[in-house]
Amino acid sequence: MKYISTRGQSPALSFSEILLGGLAPDGGLYLPETYPQFSDADLSVMRGMNYADLAFAILSRLIDDISSTDLKAIIDKTYRADVYSFTRSGQNAADITPTVKLEHDLYLLSLSNGPTLAFKDMAMQLLGNLFEYVLVKTGSTTNILGATSGDTGSAAEYAMRGKKGVRVFMLSPHKKMSRFQTAQMFSLQDENIFNIAVNGVFDDCQDMVKAVSNDAAFKAQYKIGAVNSINWGRIVAQVVYYFKGYFAVTENNAQKVSFAVPSGNFGNVCAGHIARMVGLPIDKLVVATNENDVLDEFFKTGVYRPRGSANTYHTSSPSMDISKASNFERFVFDLVGRDSAKVRELWARVDKGGAFDIKHLMPKLADYGFVSGSSNHTNRMQTIRESKAKYDVVIDTHTADGLKVAMEYKQENTPMVVLETALPAKFEDALVEALGEIPPRPECLKGIELLPQKFKVMDVDVAAIKDFIVKNT
Ligand SMILES: *Cc1c(COP(=O)(O)O)cnc(C)c1O
């Protein structure tokens, strides 16, 4: 299986060759050259599998340059009950992504039982083990440089801590993350983890990362790597839980299931699109946004109009506060019939800060099952209260965006699965506002804010971050 760029001007590469990087050299995103197909007979075999076996069945069809034995070992090491242990009461951690039944044909798929209480652990933990495997095998190292407003940074650090050949330099806006998120990251004392608190906002952090990555000589010499949401390894790992969720709520493969996905950079729901393309019987993919509704606007009008960072709202579902959806190009590549010249034409406009209109393709959107909706702070608070009152299930603000929009598309006789992208403990202040009480927190994370913290404060200064990387490698 080779991977090609959505912009059609980079060589096709194998999985291990694209694993450590981000964008393709031509500025595009990687996708498999063709989608493998899982038949009805395949699905019947997969239905009975545990999470790790299911992950192997799917990933082995998309990764052909890691031996089966090694890939199986990496997957078994990743998807263990003791790694995804922050279950709700009554859930079995061995299910890795257990479901919660809310009402008839309405479910939550728990994706946030991993070490940092957000769904990003599902993919990032696998990435950590894959990185270490590839680096040890090639006798190489990488310095991962990233910017985070909270969830990505902690998931990356917990996945990469102590991994051979990997160092992580994670920039975050100083004093702008929640106390819990800050404590999660800064309390890590591992020698290969470097937290950098930047005197600025998230966009300043991201700009610093871009500036360093644009210095090709520095990037090559210091082997700068990325684990941002466009990394193909993350997307492919996320395909697995759509299968797991599908099997959990159906009895046979003739049934279809809809998934509602709290969306930001379109990574999570892009994995749903891929699950559908490889043969999972998905009815609708419900894209749920918050006030930053660039995706909702697209799926309703056919116009993709990224907002500048000045027009991005800071909301109570902050991990969905995006100005443009970095993975969206992957879906559009399929939507335009994999015409890379067309994608180049559309993104020539986007990359200059413009928009594009592909209204004429609206009928095709339905073929791919996509629908969308948005929610705001009032909706979130109300949905959190209703979920508690009706189902006795406390959800976080992002999952609330998903549930709110899911209800707009729920149909008779088609199970609707809402992806739970974070546990409520991660967003305490918003939960206290909604429910008047502090959400339950796993025992071992109580008092995490009191642990000693390791971080370096830095100004918005590209030379300073380069210097810091040089001194610490
Ligand atoms: C990252 C994140 C999202 C958005 O996921 P995308 O893959 O960027 O669409 C939603 N909810 C939470 C809690 C997240 O951390």
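About the thresholds
- Residues numbered from 1 in each chain as written.
- Predicted model: local features only at pLDDT ≥ 70, side-chain atom pairs only at ≥ 80, totals over all residues.
- Heavy atoms only, no water.
- Salt bridge = Lys/Arg side-chain N within 4 Å of Asp/Glu carboxyl O.
- Helix = DSSP H or I, 4+ residues; strand = E, 2+ residues; numbered from the N terminus.
- Buried < 20%, exposed > 50% of the residue type's maximum accessible area, 1.4 Å probe, protein only.
- Near = heavy atom within 4 Å.
- Polar contact = N/O pair within 3.5 Å; in protein donor to acceptor, adjacent residues only side chain to side chain.
- Areas by Shrake-Rupley, 256 points an atom, 1.4 Å probe, with all protein chains shown as cover.
- Expected span 1.5 Å × (residues − 1).
- Pairing = 2+ DSSP bridges.
- Axes fitted to C-alpha atoms, helices over the stretch in contact; angles between N-to-C directions.
- Contact = heavy atoms within 4.5 Å.
- Core = buried A, V, L, I, M, F, W, Y, C linked by side-chain atoms within 4.5 Å.
- Parallel < 35°, antiparallel > 145°, perpendicular 65-115°, else oblique.
- Left-handed = near helix turned anticlockwise from the far one by under 90°.
- Nonpolar A, V, L, I, M, F, W, Y, C, P; charged D, E, K, R; others polar.
- Phe/Tyr/Trp six-rings, centres within 6.5 Å; stacked < 30°, edge-to-face > 60°.
- Lys NZ or Arg CZ within 6 Å of the ring centre and 35° of its normal.

A.B. asks: For the pattern of salt bridges, give the residues involved together with the corresponding values.
C.D. replies: Applying the stated criterion across every chain, the model contains 31 salt bridges. A salt bridge links Lys 164 to Glu 132; the shortest N-O distance between them is 3.8 Å. Of this pair, Lys 164 sits in the loop between α6 (151–160) and β6 (166–173) while Glu 132 is found in helix α5 (residues 120–138), placing the two residues 32 residues apart along the sequence. The partner of Lys 388 in a salt bridge is Glu 437, with the nearest N and O atoms 3.2 Å apart. Within this pair, whereas Lys 388 is found in helix α16 (residues 377–391), its partner Glu 437 is found in the loop between α18 (428–435) and β15 (456–458), the two being separated by 49 residues in sequence. Given a relative accessible area of 26%, Lys 388 falls into the partly exposed group. With a relative accessible area of 38%, Glu 437 lands in the partly exposed category. In the salt-bridge network here, residues are joined through shared partners; they are Asp 293, Glu 297, Arg 305 and Arg 307.

A.B. asks: Give a detailed account of the site of the ligand, specifying residues and quantitative values.
C.D. replies: Around the ligand, a shell composed of 15 residues is seen, among which Lys 120, Asp 151, Gly 264, Asn 265 and Asn 268 lie nearest. Separating an oxygen atom of the ligand from a side-chain N or O atom of Lys 120 is a distance of 2.5 Å. A distance of 3.1 Å is found between an oxygen atom of the ligand and a backbone nitrogen or oxygen belonging to Phe 266. Against a free-state accessible area of 380 Å², the protein chains account for coverage of 97% of the ligand.

A.B. asks: Lay out α16 with the relevant residues and their values.
C.D. replies: For α16, with 15 residues, the first-to-last C-alpha span of 21 Å sits near the 21 Å given by 1.5 Å per residue. Along α16, the residues classified as buried are Asn 379, Arg 380, Met 381, Thr 383, Ile 384, Ser 387 and Tyr 391. The residue sitting at the N-terminus of α16 and contributing the capping side-chain oxygen is Asn 376; that oxygen lies 3.1 Å from the backbone nitrogen of Thr 378. Asp 392 sits one or two residues past α16 and shows a positive phi near 55°.

A.B. asks: Summarise unusual backbone geometry; cite the residues concerned and give the values.
C.D. replies: The phi dihedral of Leu 117 is positive, around 65°, even though this residue is not glycine. Within the secondary structure, Leu 117 is located in the loop between β4 (106–110) and α5. A relative accessible area of 0% places Leu 117 in the buried class.

A.B. asks: Let's hear about the sheet that holds strand β14 (residues 416–420): which residues, and what values?
C.D. replies: Taken together, the six strands give an open sheet; going across it, the order is β3-β4-β14-β9-β10-β13, and neighbouring strands pair in mixed fashion. Edge strands, defined here as strands with exactly one partner in the open sheet, are β3 (99–103) and β13 (370–374). On average, each strand axis in the sheet is inclined to that of its neighbour by 25°, with strand direction left out of account. Of the strand pairs in this sheet, β4 and β14 are connected by five bridges, and their pairing is parallel. For Leu 108, the partnering residue across the bridge sits in β14 and is Val 418. Packed on one face of the sheet, helix α17 (residues 397–409) meets β3, β4, β9 (257–262), β10 (282–289), β13 and β14 and runs near 165° to β14.

A.B. asks: If you had to explain the nonpolar core to someone new, which residues and values would you point to?
C.D. replies: Counting 107 residues, the largest nonpolar core has Phe 243, Phe 266 and Phe 328 as the members making the most contacts within it. Tallying contributions element by element places helix α10 (residues 232–249) first for this core, with 12 residues. In contact with Phe 266, other than residues within four places in its own chain, are Val 287, Leu 295, Phe 299, Ala 325, Asn 327, Phe 328, Phe 331 and Phe 370. Counting residues in hydrophobic clusters, the runner-up holds 23 residues, among them Val 100, Leu 403, Leu 431 and Ala 434.

A.B. asks: Give a detailed account of the environment of Ala 123, specifying residues and quantitative values.
C.D. replies: By secondary structure assignment, the location of Ala 123 is in helix α5. Separated by 30 residues in sequence, Ala 123 and Ala 93 have C-alpha atoms that sit 17 Å apart. Contacts of Ala 123, omitting those with residues within four sequence positions, involve Arg 234, Ala 237 and Gln 238.

A.B. asks: Can you explain the packing of helix α3 (residues 51–59) against α10? Please cite residues and give values.
C.D. replies: Two elements in contact, α3 and α10, have axes whose closest approach is 9 Å; the angle formed by their N-to-C orientations is 125°. Judged by the angle between their axes, α3 and α10 are oblique. Seen along the crossing, α3 lies across α10 with a hand that is right-handed. Every residue of α10 that contacts α3 at Tyr 51, Leu 54, Ala 55, Ile 58 and Leu 59 is listed here: Val 236, Ala 237, Val 239, Val 240, Tyr 241, Phe 243, Lys 244 and Phe 247. Of the residues in the contact of α3 with α10, the class split is 12 nonpolar, no polar and one charged.

A.B. asks: Before we move on, could you go through the packing of aromatic side chains and cite the residues and values that matter?
C.D. replies: On inspection of all chains with the given rule, the structure shows 31 aromatic pairs. Taking 5.4 Å as the distance between ring centres and 50° as the angle between the ring planes, the aromatic pair formed by Tyr 3 and Trp 232 counts as tilted. Here Tyr 3 is found in strand β1 (residues 3–5), whereas its partner Trp 232 is found in helix α10, with 229 residues between them in sequence. Across the pair, Trp 232 and Tyr 3 agree in class, each one buried. Here Phe 243 and Phe 247 contribute two aromatic rings whose centre-to-centre distance is 6.4 Å and whose plane-to-plane angle is 55°, an arrangement assigned as tilted. Residue Phe 243 and its partner Phe 247 are both found in helix α10; the two are separated by four residues, about one turn of the helix. In this structure Phe 243 comes out as buried when scored by relative accessible area, which is 0%. It is Arg 61 that lies over the ring of Phe 38; its NZ or CZ is 4.6 Å from the centre. Over the ring of Phe 194 we find Lys 454; its NZ or CZ atom is 5.5 Å from the centre of that ring.

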